[in-house]
Amino acid sequence: MRAVGRYRAAAVPPPAAIDFSSNDYLGLRRHPALAAALAECAARDGVGAGAAHLVSGHHSQHAALEAELAAFTGRERALLFGSGYLANLGVLSALVGRGDLILQDRLNHASLLDGALLARARLRRYAHADATAAATLLADWRARVGAQPAAAIATDGVFSMDGDLAPLPALAVAARAHRAWLIVDDAHALGVLGATGRGSCEHYGLDSGAVPLVIGTLGKAFGTYGAFVAGERDVIEWIVQRARTYIYTTALPPPVAAATRAALRIAQEESWRRARLNALVQRFRARCASAGLPLPPSPTPIQPLLVGSATRALQASDALLARGFVVKAIRAPTVPAGTERLRISLSAAHDEAQVDRLCDALVECIAGGPA
Ligand SMILES: *Cc1c(COP(=O)(O)O)cnc(C)c1O
């Protein structure tokens, strides 16, 4: 078979390189408290869960983590999934089906799109961050089909390749006006956005009435692995009964749940991590601005630098690696053709000098400006 060359095989970054590509926003991935919680739990309870949640794989660490995630997100109940990908497939296919409608932002994560396909619902995508377009599609559809069929709007809270925020207040109004679920995939906002890191809803001051379902991943700011959905008790119970990616898969290893509990505690207690992260984001943006590097207006640790073509993105990424920085080229089809970019992500584990050196290297590696 001929390789089509869309993706490059993953390479192990040299140990000395500084990673500006990970989603380890709070710098918890290597925190000793997480490693200790993981090791302790593994020694006590074993490594694997041994079975699916509904069989015998639901352990005390899972139950405790679910309760803590529900409290953290201010919702009645949280349910763990093996990964964000599985959570999105499971939640969407549990809530909508044939004859129902699901609206999605054009730049949503691939797993939300795949969830809509698995659900066999009618999928309509609206222009990026265009809540008016979403409201119009929803109103027209309701006028045609009546009040019965289910509808949902699903959106990333923070867009994974752009770092900008979904217009959640307006989407919440539209969803409520037309009897639709609003499902927010807050993978890149939990731990990061809001005064206490509770994500997009906290950032906008939206309660669980406005945003009934939040999906979060544990492999990003919390530095571990897995995912969850949080919402009203009855809705979560419905998802338990209907989500095949919850029912027919082995539960997360209990030590991963134990490590995530430690991460969740640290993410809340050590607010300096968010303050430091935000300061680094401001510093990076200011330096890029004075160096003439054009950054779209992202207020989050995800900072995309559009370079004009896939070739330029790959060349810049290679040149940065040679200078000791891991910065990945993101190309079509992950992002629309013509918007190829370097996706730079900042972390509380970085320091000011590293950010400054990255900015200098970016100037050298993107000499000539966008093609
Ligand atoms: C990373 C990500 C996912 C997938 O989560 P995994 O736990 O890595 O499978 C889903 N949605 C968004 C927005 C993401 O960024």
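Scroll up to find the structure this text is about.
The residue numbering used here restarts from 1 in each chain and proceeds along that chain's sequence as written. At least 70 in pLDDT is required for a residue's local features to be given in this predicted model, at least 80 for side-chain atom pairs to be given and counted, and no such filter applies to totals for whole chains, interfaces and linings, which use all residues. Computation of side-chain values covers all heavy atoms of the structure but excludes hydrogens and water.

Asks: Whenever I open this one, the site of the ligand confuses me. Can you help?
Replies: A molecule or strand has a residue near it when one of that residue's heavy atoms lies within 4 Å. Of all residues adjacent to the ligand, which total 13 residues, the nearest are Gly 84, Tyr 85, Asp 185, His 188 and Lys 220. We call two N or O atoms a polar contact when they sit within 3.5 Å, provided that within protein one can donate a hydrogen and the other can accept it, with sequence-adjacent residues counted only if both atoms are side-chain atoms. Contact between the ligand and Gly 84: an oxygen atom at 2.7 Å from a main-chain N or O atom of the residue. Asp 185 is positioned such that a nitrogen or oxygen atom in its side chain is 2.5 Å from a nitrogen atom of the ligand. For each structure, a 1 Å grid was placed over the protein atoms alone; sets of points admitting a 1.4 Å probe that cannot get out are labelled cavities, open sets with protein on both sides within 12 Å along at least five of seven lines are labelled pockets, and lining residues have an atom within 4 Å of a point. Assignment to a cavity or pocket requires that more than half of a molecule's atoms be within 2 Å of the site's grid points. Under a 2 Å grid-point criterion requiring more than half of the atoms, the pocket assigned to the ligand is the largest pocket. Labels follow the DSSP assignment, with helices taken as runs of H or I lasting at least four residues and strands as runs of E lasting at least two, numbered in each case from the N terminus. By residue number, the principal contributor to the shell around the ligand is helix H4 (residues 84–95), which donates three residues. Residues are grouped as follows: Ala, Val, Leu, Ile, Met, Phe, Trp, Tyr, Cys and Pro are nonpolar; Asp, Glu, Lys and Arg are charged; all remaining types, including Gly, are polar. Tallied by class, the residues present in the shell around the ligand amount to two nonpolar, eight polar and three charged.

Asks: When you look at empty space enclosed by the protein in this model, what are you seeing that I'm missing?
Replies: Think of a ball as big as a water molecule: rolled over the atoms, this probe shows where empty space is left. Grid points are joined across faces, edges and corners, and a volume is the space filled by probe spheres set on the points. Scanning all chains against the criterion turns up one cavity of 30 Å³ or more. The wall of the largest cavity is formed by His 53, Leu 80, Phe 81, Gly 82, Thr 245, Tyr 246, Thr 249, Thr 250, Ala 251 and Leu 252. For the lining of the largest cavity, the secondary structure elements donating two or more residues are strand E2 (77–81) and helix H10 (244–247). Split by residue class, the lining of the largest cavity holds five nonpolar, five polar and no charged.

Asks: Teacher, can you tell me more about unusual backbone geometry here?
Replies: Most of the time, phi is negative for any residue but glycine, and the peptide bond is trans. A cis geometry characterises the amide bond from Ala 332 onward to Pro 333, with omega recorded as 5°. Among the secondary structure elements, Pro 333 is positioned in the loop between strand E11 (328–330) and strand E12 (341–345). We note that Arg 120 has phi near 60°; this positive angle belongs to a residue other than glycine. For Arg 120, the position within the fold is in the loop between helix H5 (110–119) and strand E4 (122–126).

Asks: How should I be thinking about the packing of helix H13 (residues 310–322) against helix H14 (residues 352–365) in this particular structure?
Replies: Packed helices, taken two at a time, are described by the angle their axes make and the gap between the axes. Contact geometry of H13 with H14 gives a least axis separation of 9 Å together with a crossing angle of 135°. Viewed along their axes, H13 and H14 adopt a mutual orientation that is oblique. Pair H13 / H14 crosses with right-handed handedness. Here Ala 316, Ala 319 and Leu 320 of H13 lie close against H14, whose contacting residues are Leu 358, Ala 361, Leu 362 and Cys 365. Among the residues making up the contact of H13 with H14, the classes are represented as seven nonpolar, no polar and no charged. All axes are obtained by fitting lines to C-alpha atoms, using only the stretch in contact for helices, and the reported angles, taken between N-to-C directions, cover 0 to 180 degrees. Relative orientations are named as follows: roughly parallel for angles under 35 degrees, roughly antiparallel for angles over 145 degrees, roughly perpendicular for angles from 65 to 115 degrees, and oblique for any other angle. By definition, turning the near helix anticlockwise from the far helix through less than a right angle yields a left-handed crossing, and turning it clockwise yields a right-handed one. Contact between two residues is taken to exist if any of their heavy atoms lie within 4.5 Å; hydrogens are not considered.

Asks: What is the right way to look at the sheet that holds E12 in this model?
Replies: Across a sheet, paired strands are connected by hydrogen bonds in the backbone, their directions being either parallel or antiparallel. The sheet built from three strands is open, its strands ordered E9-E12-E11 with antiparallel pairing. Strands at the two margins of the open sheet, each flanked by one partner only, are strand E9 (302–306) and E11. Strand-to-strand twist across the sheet, computed as the mean angle between neighbouring axes with direction ignored, equals 35°. A pair of strands is labelled paired if DSSP reports no fewer than 2 bridges between them. Relative to E12, E9 runs antiparallel, the two being bridged by five bridges. Looking at the pairing, Pro 304 lines up with Arg 343 of E12.

Asks: Please clarify how the packing of aromatic side chains should be interpreted in this entry.
Replies: Aromatic ring pairs: the centre-centre distance and the angle between the two ring planes describe each pair. What counts as a ring pair is set by centres within 6.5 Å for rings of Phe, Tyr and Trp (its six-membered ring), and what kind of pair is set by the plane angle: stacked under 30 degrees, edge-to-face over 60, tilted for all other angles. Tallied over the entire structure, the rule returns three aromatic pairs. Relative to Phe 325, the ring of Phe 20 lies with its centre 6.1 Å away and its plane at 45°, an arrangement referred to as tilted. Placement of Phe 20 in the loop between strand E1 (18–19) and helix H1 (32–45) and of Phe 325 in strand E10 (residues 325–326) is noted, with a sequence separation of 305 residues between them. Only protein chains enter the accessibility calculation, which uses a 1.4 Å probe. A residue is then buried if its area is under 20% of the maximum for its type, exposed if over 50%, and partly exposed in between. Residue Phe 20 is classed as buried on the basis of its relative accessible area of 0%. Summarising the aromatic geometry, the rings of Phe 81 and Tyr 246 are spaced 5.7 Å apart at their centres and angled 65° between planes, so their arrangement reads as edge-to-face.

Asks: Mind showing me how you'd approach helix H9 (residues 233–242) here?
Replies: Within an α-helix, residues lying three or four positions from one another point in the same direction, as the helix has 3.6 residues per turn. For H9, the full list of buried residues reads Val 235, Ile 236, Ile 239 and Val 240. Burial along H9 is one-sided: seen end-on, the buried residues are contained in an arc of 150°. Among the exposed residues of H9, those pointing more than 90 degrees away from its buried face are Asp 234 and Gln 241. As used here, the arc is the angular range of directions from the helix axis to the C-beta atoms.

Asks: Help me understand the sheet that holds strand E5 (residues 151–156), please; the structure alone is not making it clear to me.
Replies: Taken in spatial order, the seven strands line up as E2-E8-E7-E6-E5-E3-E4 in an open sheet, and their pairing is mixed. Every other strand in the sheet has two partners, leaving E2 and E4 as the edge strands with one partner each. On average, adjacent strands in this sheet sit at an angle of 20° to one another, irrespective of strand direction. As judged from the five bridges shared by E5 and strand E6 (residues 181–185), these two strands associate in the parallel manner. Its bridge partner lying in E6, Ile 153 is registered against Leu 182. With respect to the sheet, H4 is in contact with E2, strand E3 (101–105), E5, E6, strand E7 (213–217) and strand E8 (227–231), its orientation differing from that of E7 by roughly 160°. Packed on one face of the sheet, H5 meets E3, E4, E5 and E6 and runs near 165° to E3.

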